[in-house]
Amino acid sequence: MNTPARPAGPAARAGRLLAAKLWLASVICWWALGIPFSRLWWLVNPKQAHAILVCYAWQVPLVGWPGAVLLPWLLWRRVARRASEPDAARRIARYPGQVASLALAISILGAGVRAFVVHRAAALPLLEAAKMVVQGFVIGALFAAAAYLLAEGAIRKAELMRETPAMPFPARSGGVLQSVYSKVLSIAVALTLAVAAPILLYGLGQRQLMAEETLGMQLEDAVAPARSYGSLEAALAPFGPHVYGFVARRSNRFIVAGTGAGRILLSDGQSDFGAVATRSRGHFAGRDREHKVVAFNDVPSLLPDGDDAIFVAVSPMSDWREAALRSTGTAAALGGAVLIVGLVLSAMLARSIVDPLRQLHAATDRMAAGELEVGALAMAGGDEVAALARAFDAMARRVRADESDLRRAYSELAATQDRLVQTEKLAAAGRVISGVAHELNNPLAAVLNLTDELLGVETRPAAEREALEVVSVQARRARSIVRELLAFVRRREDRGAPTDVALVLERAVDGLRHEMDRTGVRVAVTIGPNLPRVYVDPVGFEQILGNLITNGAQAAGRGGAVSIVARAERNGCAVVVEDDGPGIAPDVMPHIFEPFYTTKATGQGTGLGLSVSLGIATQYHGKLEVRNRPAPERGARATLWLRAAAAETTPAAERRTVARATPADAAPTATALPALTASTVSSNGSRDATVLLVEDEPSIRFALRRYFERRGWHVDEADDGEAGLARLLGKPAQSYDVIITDLRMPGISGTEFHDRLSAERPDLFTRLVVMSGDVASPEAAALLARTDRPVIEKPFELAELEQVIRDVLG
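This structure is a prediction, so every number in the text was calculated from the model and none was measured.

**Observations concerning the overall build of the chain**
What the chain contains, in helices and strands, is 21 helices and 18 strands. Burial statistics for the chain: of 810 residues in total, 46% are counted as buried. Counting only contacts in the chain whose residues sit at least 6 apart along the sequence, the fraction spanning at least 24 positions is 71%. Approximately 39100 Å² of the chain is accessible, and the part contributed by carbon and sulfur atoms is 59%.

**Here we look at the sheet that holds strand S11 (residues 623-628)**
Strand order in this open sheet of five strands is S7-S9-S10-S12-S11, and the pairing throughout is mixed. One side of each edge strand has no neighbouring strand; the edge strands of this open sheet are strand S7 (522-527) and S11. Across this sheet, the average inter-strand angle for adjacent strands is 15°, counted without regard to direction. The pairing of S7 with strand S9 (residues 561-569) spans six bridges and is parallel. Counterpart to Ile527 in the pairing with S9 is Ala566. Lying over the sheet, helix H12 (residues 501-519) contacts S7, S9 and strand S10 (572-579), oriented at roughly 170° with respect to S7. On the sheet, helix H13 (residues 538-556) packs against S9, S10, S11 and strand S12 (636-643) and is oriented at approximately 20° with respect to S10.

**Side note on the nonpolar core**
Counting residues in hydrophobic clusters, the biggest one holds 47 residues, and the most contacted among them are Trp30, Trp76, Tyr95, Val118, Phe143 and Leu160. For this core, the secondary structure elements donating two or more residues are helix H1 (10-41), helix H2 (46-81), helix H3 (88-122) and helix H4 (126-158). If one sorts the elements of this core by residue count, H1 sits on top with twelve residues. Excluding anything up to four places from it in sequence, Val118 contacts Gln48, Ala51, Ile52, Cys55, Ala123 and Leu124. Judged by nonpolar contacts, the second largest core, of 38 residues, contains Leu545, Val562, Ile584 and Val612.

**Topic: the sheet that holds strand S3 (residues 281-286)**
Spatial ordering of the open sheet is given by S2-S1-S5-S4-S3, a layout of five strands whose pairing is antiparallel. Of all strands in the sheet, those with a lone pairing partner are strand S2 (255-258) and S3, marking the two edges. For this sheet, the mean angle separating the axes of adjacent strands, direction not counted, is 20°. Along the sheet, helix H6 (residues 180-223) contacts S3, strand S4 (292-299) and strand S5 (309-316); its crossing angle with S4, the most-contacted strand, is approximately 30°. Here helix H7 (residues 229-236) sits on the sheet in contact with strand S1 (244-249), S2 and S5, set at roughly 150° to S1.

**Details of the environment of Asp298**
Here Asp298 lies in strand S4. Of the residues examined, Asp298 reaches a relative accessible area of 15% and is grouped as buried. For the pair formed by Asp298 and Val223, sequence separation is 75 residues and the distance between their alpha carbons is 9.7 Å. Contacts of Asp298, omitting those with residues within four sequence positions, involve Arg250, Ser280, Asp308, Ala309 and Ile310. At 2.5 Å, the side chain of Asp298 forms a polar contact with the side chain of Arg250.

**Notes on unusual backbone geometry**
The omega torsion across Ala631 and Pro632 is 5°, close enough to zero to call that bond cis. Checked against the element boundaries, Pro632 lands in the loop between S11 and S12. Here the phi dihedral of Ala123 falls at roughly 55°; this positive angle occurs in a residue that is not glycine. Secondary-structure assignment places Ala123 in the loop between H3 and H4. In this structure Ala123 comes out as buried when scored by relative accessible area, which is 7%. At Arg253, a residue that is not glycine, the phi angle is positive and equals roughly 60°. On the secondary structure map, Arg253 appears in the loop between S1 and S2.

**Some details on the packing of aromatic side chains**
A full pass over the atoms with the stated rule returns nine aromatic pairs. Seen from their ring centres, Trp30 and Phe143 are 5.2 Å apart, and the 80° between their planes marks the pair as edge-to-face. With Trp30 in helix H1 and Phe143 in helix H4, the pair connects residues that are 113 residues apart, well separated along the chain. Taking 5.9 Å as the distance between ring centres and 90° as the angle between the ring planes, the aromatic pair formed by Phe273 and Phe284 counts as edge-to-face. One end of the pair, Phe273, is in the loop between S2 and helix H8 (274-278); the other, Phe284, is in strand S3, with eleven residues separating them in the sequence. We classify Phe273 as buried; its relative accessible area is 0%.

**Concerning a nonpolar patch on the surface**
Together, Val54, Trp58, Leu62, Val63, Leu109 and Val113 give the surface a local cluster of nonpolar side chains, amounting to about 490 Å² of exposed area. Among the elements of the structure, H2 and H3 are those that each provide at least two residues to the nonpolar patch. Note on placement: Trp58 falls in helix H2. When its relative accessible area of 32% is taken as the criterion, Trp58 is described as partly exposed.

Definitions and cut-offs
In this numbering scheme, every chain counts its residues from 1 along its sequence in written order. This being a predicted model, a pLDDT of at least 70 is required before a residue's local features are given, and a value of 80 or more before pairs of side-chain atoms are given or counted; all residues contribute to the totals for chains, interfaces and linings. Note: side-chain values were computed over all heavy atoms of the structure, leaving out hydrogens and water. Here a helix means four or more residues in a row that DSSP labels H or I, a strand means two or more in a row labelled E, and each is numbered from the N terminus. Buried, partly exposed and exposed residues are distinguished by accessible area as a fraction of the type maximum, computed with a 1.4 Å probe on protein chains only: under 20%, between the cut-offs, and over 50%, respectively. Only heavy atoms matter for contacts: two residues are in contact if any of them lie within 4.5 Å across the pair. To be clear on the numbers: accessible area is Shrake-Rupley with a 1.4 Å probe, and residue cover counts the displayed protein chains and nothing else. The criterion for strand pairing is that DSSP finds at least two bridges linking the strands in question. As a rule, the C-alpha atoms of each element are fitted with a line to give its axis, helices using only the stretch in contact, and angles between N-to-C directions run from 0 to 180 degrees. The definition of a nonpolar core used throughout is a set of buried Ala, Val, Leu, Ile, Met, Phe, Trp, Tyr and Cys residues joined through side-chain atoms within 4.5 Å. What qualifies as a polar contact is a pair of N or O atoms within 3.5 Å, subject to a donor-acceptor requirement within protein and to the restriction that residues adjacent in sequence count only when both atoms come from side chains. Two rings from Phe, Tyr or Trp (for Trp, the six-membered ring) form a pair when their centres are within 6.5 Å of each other. A pair whose planes differ by under 30 degrees is stacked, one over 60 is edge-to-face, and the rest are tilted. A patch consists of residues exposed above 30% relative accessible area that lack any salt bridge, with like charges linked at up to 9 Å and nonpolar side chains (Val, Leu, Ile, Met, Phe, Trp, Tyr) linked at up to 5 Å. One side-chain nitrogen of Lys or Arg within 4 Å of one carboxyl oxygen of Asp or Glu is enough to make a salt bridge.

Note that every value here comes from positions in space, so none of it alone points to a role or purpose.
Below you can see the structure in the form of structure tokens.
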């Protein structure tokens with residue numbers, strides 16, 4: 001069976017020190033204070049006083065110290081051993097009260113035993129025995145207060161509460177004083193009793209002595225003229241029914257007449273009559289079993305045999321008790337009033353300390369429960385409690401401020417976390433989309449190139465042309481979706497340049513003309529005077545315009561109208577696109593710029609158009625606003641504002657060409673393809689024009705090969721960069737008129753192909769055209785930043801390819 005271990009370390013030392021302090025406190029209270037106090041208010045004879053000292057000598061070691069020192073020490077060991085148990089906090093909190101109870105109980109028990117022993121052994125009067133019990137209670141209360149404080153100090157010094165499990169317990173538990181109010185009140189009452197009770201008892205004792213002295217003098221005067229027992233009785237009759245007298249012989253102290261006749265004086269019940277035998281006249285107060293006043297007078301040679309006669313008068317307290325009480329009533333009333341005032345002041349003192357602490361405790365509990373709006377305590381005064389209240393008010397204000405800051409910081413942290421999660425998701429989506437875009441753009445490029453080429457045949461039947469147009473429109477739609485996804489997940493590089501607003505607007509509208517004609521939407525364009533050139537990425541600008549015009553046309557519906565106005569405004573240019581559709585619903589308006597939010601049917605939109613457009617506009621310090629037109633007009637209004645380009649601005653991208661398709665789902669337009677026939681390129685007709693296609697995607701090589709071969713070009717192909725370099729290095733400069741390479745290829749990439757051709761065959765490098773499925777990728781962006789060769793983004797229009805080849809051929 002496991003037994004609790006002995007307390008060690010600070011707890012054991014604190015227990016031993018507590019026992020020593022309790023022993024010292026008992027010595028001070030029971031001996032240093034108890035014995036002098038007993039001499040002040042106890043009215044006893046020498047025999048009784050000696051018996052009291054003897055009782056003190058054996059009672060304190062045998063009864064007092066085991067109960068007030070040994071028991072608290074053993075109880076301390078038990079509490080310390082169980083400091084880690086779940087209910088240890090309750091036991092530790094009860095310990096000071098238990099020690100105080102033991103001190104008080106042992107003091108009262110010791111006083112009661114002492115009074116009984118002295119009463120039986122030394123004929124102590126009952127009144128003095130009662131005083132002894134009262135003294136035991138007063139001294140015990142003082143000792144109990146000291147023991148309580150010593151026990152609390154030992155608990156703090158041993159740090160027992162730090163070792164106990166946290167456990168709430170009520171303020172009062174099992175009758176043990178726990179509250180500060182009870183503690184302060186008990187200590188104050190103990191101190192009041194310790195001061196008031198001795199004063200009161202001392203005053204009553206002095207009044208009793210005065211009453212005894214007065215009565216003794218009166219009895220002495222009454223006894224003096226007596227010469228016979230009869231005259232003695234007559235003289236004592238006025239003093240009370242219990243007053244008695246007798247006549248004793250001087251020589252042998254034999255009572256010859258009166259009460260006790262036939263007995264020897266100083267026998268049973270008269271042991272305190274020694275003064276009668278040694279003095280001739282006087283009075284004294286007797287303390288043997290009861291309080292009495294004795295007067296005597298010696299008459300020489302009065303007895304028949306010539307012996308002296310001693311006339312004695314005895315007045316027991318039963319005859320003069322009421323008179324004594326009346327004479328001490330004032331003193332008793334004054335002492336009682338002082339005691340009551342002391343108790344009231346003690347209660348007021350305790351209340352003045354505890355009430356503010358209770359307010360602090362209640363306010364602290366409310367704050368701990370989460371109620372931070374706690375009113376200010378603002379206690380008056382300059383003591384520690386008032387200072388504590390002011391400190392609490394300052395702490396409450398600080399806690400409220402910190403809590404507000406913490407909530408705000410938590411909200412910001414949560415928002416930041418959400419943004420980080422979203423950013424990580426977008427980064428992951430960007431990596432996936434980038435790879436998917438490259439894989440989609442290659443087949444889309446082949447589809448677009450082949451449909452454009454087939455649509456370029458004028459003799460093709462109408463039914464086939466219609467089918468090809470559907471294929472072309474859907475391929476361009478897929479291309480638009482891919483580019484919007486790429487624009488959303490990629491960080492756009494700054495490719496701003498002074499841009500002609502009217503030119504880009506015209507190109508955007510022309511690209512959408514076929515779709516507008518198909519749906520019957522009327523488009524009206526108004527170009528204001530003095531339009532400044534704006535600083536923006538021309539391709540991004542065209543993408544914004546395409547998105548706004550397409551959204552307006554879809555909102556207007558078949559037969560609707562879209563109005564486009566471009567005007568100079570606020571150091572820049574504003575382009576306003578309005579439609580006459582139903583407008584934007586109030587519940588939709590707050591979400592129109594959110595990514596992937598769309599009200600279109602599934603498969604008709606990605607919800608990225610306005611989000612991407614806003615990002616492009618913001619990148620170039622512009623603004624994009626979308627609102628409903630004011631009543632009574634119908635529809636929505638989108639306003640794009642871009643800042644004017646500075647006169648000295650030189651576009652960073654002028655050294656290269658980045659060709660982009662029309663950003664919307666535009667239908668193919670007729671191109672002047674015959675201008676790029678082999679005979680046009682080789683004007684002397686000495687050889688056919690030759691192009692080298694470096695592309696790992698067979699479908700794109702097939703589409704481009706058909707395009708060039710139908711125009712009389714000679715086409716060479718290489719399925720990767722290594723094969724392309726093998727064809728180029730060492731060949732004459734006139735071997736290829738145009739070299740077209742993809743950027744992302746296995747083995748030697750397009751970037752390495754570009755760099756080696758630039759270094760080893762600069763004569764052929766000037767004829768290079770670069771294709772990329774994602775010009776916003778890090779690889780493409782790095783190349784765009786340093787090359788002067790044209791880069792065309794897949795999937796591209798054949799008309800765009802034609803324009804790039806024209807630029808290369810000069």
